[in-house]
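Overview (structure and organization)
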Amino acid sequence: MREPRLAACACLSGSVWYEGWIDWLRENAPDCTGRHAYFSVGKKEKRAGLPFRHVEEDLAACADILRAHGCRVDVALGPGSHMQHVTERLSAGLAALDAFLA
């Protein structure tokens with residue numbers, strides 16, 4: 001996130017639920033103007049119980065924080081859980097990066 005040579009990233013089912021992550025990001029997010037982040041999470045991931053129960057809300061918080069720092073953020077809520085539809089979700093993430101970087 002702090003590497004200036006990186007213009008875009010795709011985060012597929014990222015571990016944004018770790019305790020303290022949202023607070024850390026809120027306090028440490030750099031200027032992200034001109035950058036892009038693509039976040040994807042499966043609709044069923046929140047059903048996995050704690051600590052994953054809040055993964056959708058945590059992902060939305062990450063998106064809001066990065067947007068507030070100038071980042072273009074796309075969030076996709078896809079079918080399945082963490083280990084399902086991997087190929088489709090990866091393809092969508094790569095397509096989003098390609099579209100941004102084109």
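Residues numbered from 1 in each chain as written. Predicted model: local features only at pLDDT ≥ 70, side-chain atom pairs only at ≥ 80, totals over all residues. Heavy atoms only, no water.

A closer look at helix α3 (residues 86–101)
Formally: A run of DSSP states H or I qualifies as a helix once it reaches four residues; a run of E qualifies as a strand once it reaches two. Both are numbered from the N-terminal end. One less than the residue count of a helix, multiplied by 1.5 Å, gives the span that helix is expected to have. Burial classification: accessible surface area is computed with a 1.4 Å probe over protein chains only, and a residue below 20% of its type maximum counts as buried, one above 50% as exposed, and the rest as partly exposed. An arc is given here, and it is the one of the directions from the helix axis to the C-beta atoms.
Given a rise of 1.5 Å per residue, 16 residues ought to cover 22 Å, and the 22 Å separating the end C-alpha atoms of α3 matches this to within 8%. If you check which residues of α3 are buried, you get R89, G93, A96 and L97. For α3, the angular spread of the buried residues around the axis is 95°, confining them to a single face. Within α3, the exposed residues directed more than 90 degrees away from the buried face are T87, E88, D98 and A99.

Remarks on the packing of aromatic side chains
Put simply, the rule is: Pairing of aromatic side chains requires ring centres within 6.5 Å, counting the rings of Phe and Tyr and the six-membered ring of Trp. Pairs whose planes differ by under 30 degrees are stacked, by over 60 edge-to-face, and all others tilted.
Inspection of every chain in the model, using the stated rule, returns two aromatic pairs. Taking the centre distance of 4.4 Å and the plane angle of 20° together, the rings of W17 and Y18 count as stacked. Note on W21 and W24: the rings are 5.3 Å apart at their centroids and 20° apart in plane angle, and the pair reads as stacked. With W21 and W24 both in helix α1 (residues 21–28) and three residues apart, this pair spans about one turn of that helix. For W21, a relative accessible area of 30% puts it in the partly exposed group. The exposure class assigned to W24 is partly exposed, which follows from its relative accessible area of 35%.

Points about the nonpolar core
Selection rule: As used in this record, nonpolar core signifies buried Ala, Val, Leu, Ile, Met, Phe, Trp, Tyr and Cys residues forming a set joined through side-chain atoms within 4.5 Å. Any two residues having at least one pair of non-hydrogen atoms within 4.5 Å are treated as being in contact.
Membership of the largest hydrophobic core comes to 18 residues, with the highest contact counts inside it found for L25, A37, F39, C62, L66, C71 and V73. Mapped onto this core, the elements with two or more residues apiece are α1, β2 (36–42) and α2 (55–68). The element best represented in this core is α2, accounting for seven residues. Setting aside its immediate chain neighbours within four residues, F39 contacts C11, L59, C62, A63, L66, V73, D74, V75 and A76.

Comments concerning α2
Over its 14 residues, α2 extends 20 Å from the first C-alpha to the last, a length consistent with the 20 Å expected when each residue adds 1.5 Å. For α2, the set of buried residues is V55, D58, L59, A61, C62, A63, I65 and L66. Buried residues along α2 sit against α1, β2 and β3 (72–78). G70, located one to two residues past α2, shows a positive phi value of around 95°.

Looking at the pairing of strand β1 (residues 8–12)
Rule in force here: Between any two strands, at least two bridges found by DSSP are needed for them to pair. Call a crossover right-handed when, viewed with both strands pointing away from you, the route from the first strand across the helix to the second goes clockwise.
Direction of pairing for β1 relative to β2: parallel, over a ladder of five bridges. Its bridge partner lying in β2, L12 is registered against S40. At this point the chain moves from β1, through α1, to the parallel β2, and the crossover so formed is right-handed.

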